[in-house]
Amino acid sequence: MSDRARQLTRRLEPWIPARSHVADIGSGTGHNAECWRCQLDASVDEFDVADLHWVGDGPMIFDGRTLAVSDANYSVVTLLFVLQYASDPKGLLHEARRVSAGRVILIQSTYRGIWGYFWLRVRESVWGPLAYGVARIAGIVKGPSCSLKSRTLFTREQLADLVRQTGLTVIQFEQESWPGMSISRDLYVLECAVRPSTSPSSSPLAMKSDG
Ligand SMILES: C[S@@+](CC[C@H](N)C(=O)[O-])C[C@H]1O[C@@H](n2cnc3c(N)ncnc32)[C@H](O)[C@@H]1O
């Protein structure tokens, strides 16, 4: 996991300026956040629907939809290999946009054609529950409900459409293909050109001050 975090960090380093304030949504084991703290001198807050952390202090647990964080609180927000698990991927991407004052960085596996769908479906069905089972046996997670059950697999076009619907500006797109599998790990670096308007009832802080 540390090697994987270092590899991911090499890919993301140009887009996470040193000493950024980062929200890592769906932080998983915490290896990525830890790597950014050490290598990029970033201050990183981790958020997840389950506590799967092996390193660091662990995530703030949230409901997978709304973060108890004010608008534009972070300079960079990351969503790495998370959207497939969300019950409302578009809503989660909007939430990432809301809490970012600058960038949203998205990495997501996408597939092409029937074979791509098949391989990605197999990978997701095996990898997620297996990783969760191992983490439970190792005592890292306690709860019986697995947060690694894929709900949505995206084609590149579907993911691009989702990104378009958030109104974020794409400043970088990169694909990273898995040879022979019609699967790619697509990277989007997105910027908030215009801030979304937040209705008082949808803002967690506004809700607090109401009460
Ligand atoms: C495949 S892991 C990726 C972890 C980390 N981002 C990485 O790339 O190493 C997916 C993570 O997303 C979390 N997750 C699942 N549903 C989520 C949701 N609706 N919102 C945020 N995180 C979620 C899981 O608990 C898990 O930690």
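Computed from a prediction, not measured in an experiment: that's the story for all the values here.

J.: Looking at this model, I keep getting lost on the packing of aromatic side chains. Mind explaining?
T.: Given two aromatic rings, one states the distance between the centres and the angle between the planes to describe the pair. Within the structure shown, the criterion is met by six aromatic pairs. The interplanar angle of 75° and the centroid separation of 5.2 Å between the aromatic rings of Tyr111 and Tyr117 together place this pair among those described as edge-to-face. The buried category is assigned to Tyr111, whose relative accessible area is 14%. A connected cluster of aromatic rings, assembled from ring pairs, spans Trp115, Phe118 and Trp119. Over the ring of Trp127 we find Arg123; its NZ or CZ atom is 5.7 Å from the centre of that ring.

J.: Explanation requested: unusual backbone geometry in the structure shown.
T.: Working note: non-glycine residues mostly have negative phi, and peptide bonds are mostly trans. Phi at Arg19 is positive, roughly 65°, even though this residue is not glycine. The residue Ser182 is not glycine, and still its phi comes out positive at about 55°. Take Ser182: its relative accessible area is 23%, and that puts it in the partly exposed class.

J.: Can you walk me through the environment of Trp115 in this structure?
T.: Tracing the backbone shows Trp115 in helix 4 (residues 113–137). On the basis of relative accessibility, which here comes to 56%, the residue Trp115 falls in the exposed class. Sequence separation between Trp115 and Thr169 is 54 residues; the distance between their C-alpha atoms is 31 Å.

J.: How do you make sense of the nonpolar core when you look at a structure like this?
T.: It is characteristic of soluble globular proteins that their nonpolar side chains tend to be buried jointly. Counting residues in hydrophobic clusters, the biggest one holds 27 residues, and the most contacted among them are Ile25, Val77, Leu79, Leu83, Leu92 and Leu106. Going through the elements one at a time, strand 1 (21–25), strand 4 (74–80), helix 3 (89–99), strand 5 (100–111), helix 5 (156–166) and strand 9 (183–191) are the ones with two or more residues in this core. Dropping the residues within four chain positions of it, Ile25 is found in contact with Phe47, Phe62, Leu67, Val77, Thr78, Leu79, Leu80, Val82, Leu92 and Ala96. Core analysis: the second largest hydrophobic core is formed by 19 residues, Leu8, Val22, Ala33 and Leu187 among them.

J.: What exactly am I supposed to notice about the site of the ligand here?
T.: Taken together, the neighbourhood of the ligand is formed by 20 residues, with Arg4, Gly26, Asp48, Leu80 and Ser147 sitting nearest. Between Asn32 and the ligand, the recorded distance is 3.2 Å, taken from a side-chain N or O atom to an oxygen atom. Residue Asp48 places a side-chain N or O atom 2.6 Å away from an oxygen atom belonging to the ligand. Starting from 590 Å² of accessible surface for the ligand in isolation, the protein chains cover 94%.

Definitions and cut-offs
Residues numbered from 1 in each chain as written. Predicted model: local features only at pLDDT ≥ 70, side-chain atom pairs only at ≥ 80, totals over all residues. Heavy atoms only, no water. Phe/Tyr/Trp six-rings, centres within 6.5 Å; stacked < 30°, edge-to-face > 60°. Buried < 20%, exposed > 50% of the residue type's maximum accessible area, 1.4 Å probe, protein only. Lys NZ or Arg CZ within 6 Å of the ring centre and 35° of its normal. Helix = DSSP H or I, 4+ residues; strand = E, 2+ residues; numbered from the N terminus. Core = buried A, V, L, I, M, F, W, Y, C linked by side-chain atoms within 4.5 Å. Contact = heavy atoms within 4.5 Å. Near = heavy atom within 4 Å. Polar contact = N/O pair within 3.5 Å; in protein donor to acceptor, adjacent residues only side chain to side chain. Areas by Shrake-Rupley, 256 points an atom, 1.4 Å probe, with all protein chains shown as cover.

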